[in-house]
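An overview of the molecular structure
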Amino acid sequence: FAIPHVYTAAQESYTNNILDELDPDRSLFDKVIHRDEFPQIVREGKDLRVGADNMQRAILFDDKLKNFEPQNFENGIAVVPFTSGGVAKCNNGSWTAYLKEIK
């Protein structure tokens, strides 16, 4: 049903630190894209065509509206900013169970 990816403007080292908390065995996300691979993320926003095979099934969750621009704001859902305390709040098992269910 779904092929979850991580698409972040963070550098690889920071991304890996977060994934160590959220997905330590690296089984939840099929692809991880960060700014070290695609530096244009910082300037141009997150173009889902980089990782999505089917744009009709692609959704970007982000706290920065500019990241929705490459899709003309059609595939974006705005969320509250992620904070350092957010890792602990998210890592309670419920969201990981959901991701495993939709994969």
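Placed above this text is the structure.
Parameters at a glance
- Residues numbered from 1 in each chain as written.
- Predicted model: local features only at pLDDT ≥ 70, side-chain atom pairs only at ≥ 80, totals over all residues.
- Heavy atoms only, no water.
- Helix = DSSP H or I, 4+ residues; strand = E, 2+ residues; numbered from the N terminus.
- Contact = heavy atoms within 4.5 Å.
- Areas by Shrake-Rupley, 256 points an atom, 1.4 Å probe, with all protein chains shown as cover.
- Patch = residues over 30% accessible without salt bridge, like charges linked within 9 Å, V, L, I, M, F, W, Y side chains within 5 Å.
- Salt bridge = Lys/Arg side-chain N within 4 Å of Asp/Glu carboxyl O.
- Polar contact = N/O pair within 3.5 Å; in protein donor to acceptor, adjacent residues only side chain to side chain.
- Buried < 20%, exposed > 50% of the residue type's maximum accessible area, 1.4 Å probe, protein only.

**Some points on the overall build of the protein**
When you go through the protein residue by residue, the secondary structure sums to four helices and four strands. Counting from the amino terminus, helix and strand elements in the protein follow one another as β-α-β-α-β-β-α-α. Relative to all contacts within the protein whose residues are 6 or more apart in sequence, the contacts with residues 24 or more apart total 51%. Total accessible area computed for the protein in this model is approximately 6,900 Å², and 53% of it derives from carbon and sulfur atoms.

**Points about a nonpolar patch on the surface**
Among the surface-exposed residues, I59, F61, I77 and V79 lie close enough to one another that they form a single nonpolar patch of about 370 Å² accessible area. Relative to the helices and strands, I59 resides in the loop between α2 (40-44) and β3 (60-62).

**What to know about the side chain of D62**
Here D62 shows up in strand β3. Only 2.9 Å separates the side chain of D62 from the backbone nitrogen of K64, close enough to count as a polar contact. Residues within four places of D62 in sequence aside, it is in contact with K46, N67, F68, I77, A78 and V79.

**Regarding unusual backbone geometry**
Most peptide bonds take the trans form, and the phi angle of most residues other than glycine is negative. Positive phi outside glycine occurs at R26, with the angle close to 55°. Along the chain, the position of R26 falls in the loop between α1 (12-22) and β2 (31-33). Judged by its relative accessible area of 35%, R26 falls in the partly exposed class. The residue N72 is not glycine, and still its phi comes out positive at about 55°. With respect to the helices and strands, N72 occurs in the loop between β3 and β4 (76-78).

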